[in-house]
Amino acid sequence: MTKQRKDKYQCPLEVTMEIIGGKYKGVIIGHLIGKTLRYNELQKLICHATPKMLIQQLKELEADGIIKRKLYPVVPPKTEYSLTERGKTLINAIIELNKWGINYLAEENIPCAYNGNID
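Residues numbered from 1 in each chain as written. Predicted model: local features only at pLDDT ≥ 70, side-chain atom pairs only at ≥ 80, totals over all residues. Heavy atoms only, no water.

Draft legend 1. Layout of the overall build of the protein. Helices and strands together make up the secondary structure of the protein, namely six helices and three strands. Going from the N terminus to the C terminus, the protein shows its helices and strands as α-α-β-α-α-β-β-α-α. Along the first, second and third principal axes, the C-alpha set of the protein runs to 50 × 40 × 25 Å. For the protein, with 119 residues in total, the buried portion stands at 32%. A separation of at least 24 residues holds for 46% of the contacts in the protein among residues at least 6 apart in sequence. On the protein, roughly 8,400 Å² of surface is accessible, and the fraction owed to carbon and sulfur atoms is 57%. Side-chain charges in the protein split into 18 positive and 13 negative, and the spacing between the mean points of these groups amounts to 8 Å. (Helix = DSSP H or I, 4+ residues; strand = E, 2+ residues; numbered from the N terminus. Buried < 20%, exposed > 50% of the residue type's maximum accessible area, 1.4 Å probe, protein only. Contact = heavy atoms within 4.5 Å. Areas by Shrake-Rupley, 256 points an atom, 1.4 Å probe, with all protein chains shown as cover. Lys, Arg positive; Asp, Glu negative; His and termini not counted. Charge placed at Lys NZ, Arg CZ, Asp CG, Glu CD.)

As structure tokens, this is what we get:
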């Protein structure tokens, strides 16, 4: 189920940024490239996000059809997240944004805890 959007936008980038522009949404998408991750795995990877914020961002991405959530009926509950087909169409854009960030950090001599690429 896709989240309800405005009736009209001034430009396509406006809706794109509305969908992936949350503080952790791009990071979530990046971590899900080629993987299915459980909630606690995402929480460890995105340790600066509060549980409330992470859950909110995951719900919004799910509502927009970017990720899918699979809930297993076990105790304790097991929840897995992965990219949908629509979400997979963002992979190249997320990879390019990651490369831009790597270059920016290098140019500004800013350390980063994550040393890898997402592609």
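Draft legend 2. Spatial organisation of the sheet that holds strand β1 (residues 37-38). Strand order in this open sheet of three strands is β1-β3-β2, and the pairing throughout is antiparallel. This sheet does not close on itself; its edge strands, each paired only once, are β1 and β2 (67-72). Where β1 and strand β3 (residues 78-83) come together, two bridges link them in antiparallel fashion. Considered in β3, the bridge of R38 is made with E80. (Pairing = 2+ DSSP bridges.)

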